[in-house]
Amino acid sequence: AERDTPDMLELLGGEPFLFEGLYDLIAGVPCSVAISTNCVLMGAIERFVARPHLANLRSVTCSYHPDAPHADYEWRWRRSVMLLAGAGYSVCCNLVDYPGYRERAASTLAWARKAGVQVMINPYERTEQLGDLRETGLVCRGGVDHLLIAPDGTAYPCFTAFRSPYWREYELGNWIDGTVDAA
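These numbers come from a predicted model, not from an experiment.

J.: I'd like a rundown of the nonpolar core, residues and numbers included.
T.: Ranked by size, the top nonpolar core spans 36 residues in total, and within it Ile26, Ile35, Phe48, Leu57 and Leu84 carry the most contacts. For this core, the secondary-structure elements that each account for two or more residues are helix H1 (22–28), strand E2 (32–37), helix H2 (42–49), strand E3 (57–63), helix H3 (73–86), strand E4 (91–97) and helix H5 (106–114). Apart from the residues lying within four places of it in its own chain, the contact partners of Leu84 are Phe17, Ile45, Val49, Val60, Cys62, Tyr89 and Val91.

Here's what the structure looks like:
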């Protein structure tokens with residue numbers, strides 16, 4: 001029952017800026033919002049920040065991908081970070097600590113720090129190496145304090161459970177059809 005009135009709505013990728021109604025969605029929810037973007041859709045970000053500031057958009061995580069296939073990715077990413085930060089949004093630059101990424105992203109992360117933007121390096125989760133599913137359950141408050149909702153509405157306790165080889169065992173129901181297990 002408490003999960004039906006969230007404190008925070010986190011919109012993750014895919015890419016939230018692909019959704020043309022993103023601004024109106026954020027403006028219309030009665031809670032805080034956090035989004036995660038890869039900052040590739042600079043035009044959509046330009047249109048978003050041209051509108052009035054959304055006070056309930058509390059956090060924008062700009063994930064940096066050293067292997068991005070776009071020739072102008074570095075420029076687009078930096079420009080998008082500056083657009084969002086310049087519009088008054090709390091921006092955090094994120095790099096997944098995949099082998100070799102930290103070294104390849106060093107100059108970009110140094111640029112972000114110099115620009116006054118928070119930088120976060122997240123551990124790389126090797127979910128394929130989790131081993132056998134154990135009966136210990138989750139050691140976090142995933143599924144109690146927060147949920148991950150997939151685009152089809154399927155609810156999971158967290159992103160790690162969603163990405164694990166045991167994702168089916170962690171399904172909590174479907175948010176859209178109202179079958180999320182409230183236990």
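J.: For H2, give the residues involved together with the corresponding values.
T.: For H2, the set of buried residues is Met42, Ala44, Ile45, Phe48 and Val49. Along the axis of H2, the buried residues cluster in a sector spanning 160 degrees; they form a single face. Buried residues in H2 make contact with H1, E2, E3 and H3.

J.: Could you give an account of the packing of H2 against H3, naming the residues involved and the relevant values?
T.: Between H2 and H3, whose axes approach to 10 Å, the crossing angle comes to 10 degrees. As the angle between them shows, H2 and H3 are arranged roughly parallel. Contact residues: H2 offers Met42, Ile45, Glu46 and Val49, while H3 offers Trp75, Arg76, Arg79, Ser80, Leu83 and Leu84.

J.: Before we move on, can you summarise the pairing of E3 with the specific residues and values?
T.: Across the 7 residues of E3, 5 count as buried, placing the element largely inside the fold. Strand direction decides the pairing type here: E2 and E3, joined by 5 bridges, are parallel. Among the inter-strand pairings, Val33 is bridged to a residue of E3, identified as Leu57. What joins E2 to E3 is H2, and the crossover it makes is right-handed.

J.: So, the packing of aromatic side chains: which residues are in play, and what are the values?
T.: As enumerated under the stated definition, the model contains 7 aromatic pairs in all. Ring centres of Tyr64 and Trp77 lie 5.0 Å apart, and the angle between their planes is 70 degrees; on these two criteria the pair is classed as edge-to-face. Taken as a pair, Tyr64 in the loop between E3 and H3 and Trp77 in helix H3 lie far apart in primary sequence, 13 residues in all. Classification of Tyr64 by relative accessible area gives buried; the value is 7%. A connected cluster of aromatic rings, assembled from ring pairs, spans Phe17, Tyr23, Phe48 and Tyr89.

Rules of the game
- Residues numbered from 1 in each chain as written.
- Predicted model: local features only at pLDDT ≥ 70, side-chain atom pairs only at ≥ 80, totals over all residues.
- Heavy atoms only, no water.
- Core = buried A, V, L, I, M, F, W, Y, C linked by side-chain atoms within 4.5 Å.
- Buried < 20%, exposed > 50% of the residue type's maximum accessible area, 1.4 Å probe, protein only.
- Helix = DSSP H or I, 4+ residues; strand = E, 2+ residues; numbered from the N terminus.
- Contact = heavy atoms within 4.5 Å.
- Arc of directions from axis to C-beta.
- Axes fitted to C-alpha atoms, helices over the stretch in contact; angles between N-to-C directions.
- Parallel < 35°, antiparallel > 145°, perpendicular 65-115°, else oblique.
- Pairing = 2+ DSSP bridges.
- Right-handed = clockwise from strand over helix to strand, strands pointing away.
- Phe/Tyr/Trp six-rings, centres within 6.5 Å; stacked < 30°, edge-to-face > 60°.

These figures capture arrangement, not role.
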